[in-house]
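Commentary on secondary and tertiary structure
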Amino acid sequence: MADGKIEAQPAVLLDQLRALVANPEAFASDRQEIIALARQAAVALEEPFETLQRLVYSPLPLITARVAQDHKIFQTLLENKDAPTSAAVLAQKTGIHPTLLDSLLEYLTTQNMVGEVSPQQYTPTKLSNLLVAPLFVDAVVHFHDNCLPAFNALNFSLAHPSDPRTPFEIGHNSPTDFYTWLETHPVQAGAFHRFMEAQFASLPTWLDVVSFPDEYAQSASPETPIFVDVGGGIGQQCVALKKKFPSLQGKIILQDRAAVLEKAIVGDDVEKMPYDYLTEQPIKGARAYYFRQIFHNNNDATCQKILASLLPALGPSSVILIDEKVLPDEKPSGTSVEYTAALSLAMLAMFKALERRESQWRKLLGDAGFEIREIKKFTDYGDSVIVAVKK
Ligand SMILES: C[S@@+](CC[C@H](N)C(=O)[O-])C[C@H]1O[C@@H](n2cnc3c(N)ncnc32)[C@H](O)[C@@H]1O
């Protein structure tokens, strides 16, 4: 060490990186810092030419993953697990012309989505295995088919602020909003709703911080509406609540658009009710009205309408539970999280809405006649339950 600076030792670093690639578990305790520094290191070392190529081809990993999934490239490699699969077999199975397939496979190997063990002989990688999992298939379909055209229209939309259309509507040349469009696109609708159900499965949930029976189901009779899942999709949270508390007393109601309810995964113990959340809430005096990922799909004016439609239904013991990101008002510089920043832009592209910061939630709910009782955070990404009551 000279002048307090650590001397650069590329050979040592290279050895350590090779050890990490061979045995990532040994580095697990410092995982996040290593990933962050490795990304910074790659950018610091890049030549401008390399930075340019990385940037301009950035949509391709998603697009080629979609092509490979659709043509069952990963599945074919995985089925043939005892030996590599030749390019000729893949050409036959996919129906893609061998010359085109050659380029596609070459790109997929650069992304570690497939491995090439010898010329024209391919094997699955850790990523191939992930990309056949239902969550990854649904996520790729949703982001490729639904979101990518909307992202592509973001620049046009921001340059034309008086255009009332969302970037989604511009990019898809659609006369309707995303949720209405989904009703005539069953493949994309299925992928979206399953993705919504499964994407957070590895993270804590609201049920880890809300003790529902004690807080909202005390002395409830079988007829008491205890949980109304507004815009609840196919009903994953109703199912999760029932699973966690099987002897819960009271009615659980799933509300969404009729076309979505047709695909609901709930049993007979959950009432399915078609409902437009811009109209007056028909279930009066429920213990908890639950909204998961609803407000971030809507701008402030529409959120005010949703809240105004709910307000007359609230009884003295009713609460509204909002399960969404509460982003910090103040954050030390350099601590932004790529995922939450990207999600906010996705909301902009799909709905002309954004993820909200704590002060924005307080203003939105305060203006609508609600008072925040508490905010219970349950993930490192700002996922929280906002518990609010009528003022
Ligand atoms: C982002 S998804 C969230 C679904 C579910 N709450 C979850 O967290 O998985 C938004 C949901 O709102 C529903 N939705 C959209 N517009 C609606 C409306 N006007 N009334 C009721 N539900 C609506 C959609 O069909 C969709 O299921």
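Residues numbered from 1 in each chain as written. Predicted model: local features only at pLDDT ≥ 70, side-chain atom pairs only at ≥ 80, totals over all residues. Heavy atoms only, no water.

On the UniProt side, "domain: O-methyltransferase C-terminal" (unreviewed entry) is annotated at positions that read residues 226-371 here. Taken end to end, residues 226-371 comprises 33% helix and 23% strand; its first and last C-alpha atoms sit 20 Å apart. (UniProt positions renumbered as here; feature names shortened; annotations may be inferred. Helix = DSSP H or I, 4+ residues; strand = E, 2+ residues; numbered from the N terminus.)

Under the definition given, this model contains 18 salt bridges. For Arg 292, the salt bridge is made with Asp 323, and the minimal N-O distance between the two is 3.9 Å. In this pair, Arg 292 sits in strand E7 (residues 288-292) while Asp 323 sits in strand E8 (residues 319-327), placing the two residues 31 residues apart along the sequence. Residue classification places Arg 292 among the buried positions, given a relative accessible area of 13%. With a relative accessible area of 6%, Asp 323 lands in the buried category. Two residues, Arg 362 and Glu 358, come together in a salt bridge whose shortest N-O distance is 3.0 Å. Of the two residues, Arg 362 and Glu 358 are both situated in helix H19 (residues 358-367); the distance of 4 residues between them amounts to about one turn of the helix. The class of Arg 362 is partly exposed, set by a relative accessible area of 41%. Accessibility expressed as a relative area gives 29% for Glu 358, which makes it partly exposed. Among the ionic contacts, a cluster of salt bridges with common partners joins Arg 66, Asp 70 and Asp 145. (Salt bridge = Lys/Arg side-chain N within 4 Å of Asp/Glu carboxyl O. Buried < 20%, exposed > 50% of the residue type's maximum accessible area, 1.4 Å probe, protein only.)

It is worth spelling out the site of the ligand at this point. In the region of the ligand, 18 residues are neighbours, and Gly 231, Gln 236, Asp 256, Asp 276 and Arg 292 sit closest. With respect to the ligand, the side chain of Gln 236 contributes an N or O atom lying 2.4 Å from an oxygen atom. Taking Tyr 277, its main chain carries an N or O atom lying 2.9 Å from a nitrogen atom of the ligand. Protein chains bury 95% of the 590 Å² of accessible surface belonging to the ligand in isolation. Element by element, the count of residues in the shell around the ligand is highest for helix H13 (residues 186-198), at 3 residues. (Near = heavy atom within 4 Å. Polar contact = N/O pair within 3.5 Å; in protein donor to acceptor, adjacent residues only side chain to side chain. Areas by Shrake-Rupley, 256 points an atom, 1.4 Å probe, with all protein chains shown as cover.)

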